[in-house]
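Survey of secondary and tertiary structure
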Amino acid sequence: MEVIVKHIAIAGLILVVSAFCPILHDVSRSQESSNQSVKVTVAGIEGAIFSEVYTAGWLPNGIFGLVNPAGSWTPAVGDIEHIERGLKTYLEAAKVDTRLADPIYDKSNLASKDVSRRIGQILHHYERFRRQYFGLMVKGSKKIYVNCFLDSCVVDDHGYPNWEENLLIELDGGFTYWQVVYDLETSQFSNLFINGDA
C-alpha cells in the first residue's frame, strides 16, 4: 500500500454554505500557525491528518457532535491505513443494510431507502473523495472522525485556504459531503452521516 506524507501548517476553518459544490470561505483564523496537519495519500486516496491541538480547538464548538468527544489525539498514518482498508467494504455493507450506517434506519422505512441510494452515489464516486481525519476520545476510547468531500467541490485556486489545512464544514451538498466515525480499538465504523440537499 502506497503512503505519501507531507507536513502542512494549520490555520483556521473552512465553512461552506451553499447547495452543491460551493465556494470555500475562510471564517476563522483563531488557531495558532504552529499547529500541524499531515497530508497523506493512502491507496490513492488523498487526506489530511489533523493534530491533537488543532482538533481540541474545535471541541467546544460542537463540530464533532455525532460522537460528543471528551478530548482529542493525533492519529498516525498506520491508523489511516486501517480506515482505508475497511471503509469501502463498510459502505457496501451499509448500502444493503442501512442499520450499519445508523441503527435508526429500519430496512422497511423510506429514510432507509434514501440512505441506501445516497451510499450508492458515494460508492460510484468513491475514489474521488478527499478525507480529513480527526482523533477524538469518546468514553475512554480512541475514535477517528473522518470528514469526506468530493474533489470537485474543493475550490482552492481562488486564494482560499486549502482543505489540507482547515476543517471543512458543509451544511448541504447531499452525497458530496459525508462523515463517518472509526473506532480504533474495535476496527468498526459507525455514525455515517450524509449531508442533506438544499
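Residues numbered from 1 in each chain as written. Predicted model: local features only at pLDDT ≥ 70, side-chain atom pairs only at ≥ 80, totals over all residues. Heavy atoms only, no water.

Quick look at the overall build of the protein chain
Going by this rule: We count a stretch as a helix when DSSP gives it H or I for four or more residues in a row; a strand needs E for two or more, and each element gets its number in order from the N terminus. Exposed residues in this analysis have more than 50% of their type's maximum accessible area, buried residues have under 20%, and partly exposed residues fall in between, with area computed by a 1.4 Å probe over protein chains only. By the convention used here, residues are in contact when the closest approach between their heavy atoms is within 4.5 Å.
Each helix and strand in the protein chain was counted, giving three helices and eleven strands. Going residue by residue from the N terminus, the α and β elements of the protein chain occur as β-β-β-β-β-α-β-α-α-β-β-β-β-β. Across the 198 residues of the protein chain, 51% fall into the buried class. Considering only intrachain contacts with a sequence separation of at least 6, the fraction spanning at least 24 residues in the protein chain is 67%.

Notes on helix α2 (residues 77–96)
One turn of an α-helix holds 3.6 residues; hence residues three or four places apart share an orientation. Selection rule: To estimate how far a helix should extend, the number of its residues minus one is multiplied by 1.5 Å. Here the bend at a residue is taken as the angle between two axes, fitted respectively to the seven residues that end there and the seven that start there.
Taking 1.5 Å per residue as the helical rise, α2 with its 20 residues ought to reach 28 Å, and the 30 Å between its terminal C-alpha atoms agrees with that figure. The largest bend in α2 is about 35°, located at glycine 86. Restricting attention to buried positions, one finds in α2 the residues Asp79, Ile80, Glu81, Ile83, Glu84, Leu87, Tyr90, Leu91 and Ala94.

A word on the nonpolar core
Cut-off, in case you're wondering: Residues belong to one nonpolar core when they are buried, are Ala, Val, Leu, Ile, Met, Phe, Trp, Tyr or Cys, and are joined through side-chain atoms within 4.5 Å.
Of all hydrophobic cores here, the largest spans 49 residues; its most connected members are Tyr90, Leu91, Trp178 and Leu192. The contacts of tyrosine 90, once residues within four sequence positions are left out, are Leu100, Ala101, Val180, Phe189, Ser190 and Leu192.

Some thoughts on the packing of aromatic side chains
Put simply, the test is: Stacked, tilted and edge-to-face are the three classes assigned to paired rings of Phe, Tyr and Trp, where Trp is represented by its six-membered ring and a pair needs centres within 6.5 Å; plane angles under 30 degrees give stacked, over 60 edge-to-face, the rest tilted. Only when the NZ atom of a Lys or the CZ atom of an Arg is both within 6 Å of the ring centre and within 35 degrees of the ring normal do we say a charge sits over the ring.
Applying the stated rule across the entire model yields eight aromatic pairs. Three or more aromatic residues joined by ring pairs make a cluster, and in this case those are Phe50, Tyr54, Trp58, Phe134 and Tyr145. Above the ring of tyrosine 126, the side-chain terminus of arginine 131 is found at 5.0 Å from the ring centroid. Cation over ring: lysine 142 sits above tryptophan 73, and NZ or CZ is 4.6 Å from the ring centre.

Some details on the pattern of salt bridges
Definition in use: Counted as salt bridges are all cases of a side-chain nitrogen of Lys or Arg within 4 Å of a carboxyl oxygen of Asp or Glu.
Enumeration over the complete set of coordinates arrives at ten salt bridges. A salt bridge links glutamate 164 to lysine 39; the nearest nitrogen and oxygen atoms lie 3.4 Å apart. Residue glutamate 164 is found in the loop between β8 (141–150) and β9 (167–170), and its partner lysine 39 is found in strand β4 (residues 36–42); the two are separated by 125 residues along the sequence. The partner of glutamate 127 in a salt bridge is lysine 88, and the shortest N-O contact between them spans 3.4 Å. Pair noted here: glutamate 127 is in the loop between α3 (110–124) and β7 (129–138) and lysine 88 is in helix α2, with a separation of 39 residues, a long-range link. Among the ionic contacts, a cluster of salt bridges with common partners joins Lys39, Glu46, Arg130 and Glu164.

Details of the pairing of strand β5 (residues 45–50)
Put simply, the rule is: Being paired, for any two strands, means DSSP has found at least two bridges between them.
Here β5 lies mainly inside the structure; five of its six residues are buried. In this antiparallel pair of consecutive strands, β4 and β5, the connection spans two residues, and alanine 43 shows a positive phi of 55°. Where β5 meets β7, four bridges bridge the pair, whose relative direction is parallel. When the sheet's bridge partners are listed, phenylalanine 50 is paired in β7 with phenylalanine 134.

Let's talk about the confidence of the model for the protein chain
Threshold: As a per-residue quantity, pLDDT reports the predictor's confidence and falls between 0 and 100.
Averaged over every residue, the pLDDT of the protein chain is 77; the share at 70 or more is 73%. Taking the mean pLDDT of every element in the protein chain, the minimum, 30, falls on strand β3 (residues 25–28) and the maximum, 96, on α2. For residues 1–34, every residue scores under 50 in pLDDT, and the model assigns this stretch 118 contacts once sequence neighbours within four places are set aside.

Here's the deal with the pairing of strand β10 (residues 177–183)
Among the seven residues in β10, seven count as buried, and that is most of the element. Where β8 meets β10, seven bridges bridge the pair, whose relative direction is antiparallel. In the sheet register, cysteine 148 faces β10, and the bridge partner there is tryptophan 178. Bridging between β10 and strand β11 (residues 188–194) involves five bridges; their strand directions are antiparallel. Pairing of glutamine 179 across the sheet is with phenylalanine 193, part of β11. In this structure, the hairpin formed by β10 and β11 is closed by a connection of four residues, where serine 187 is found at a positive phi of approximately 60°.

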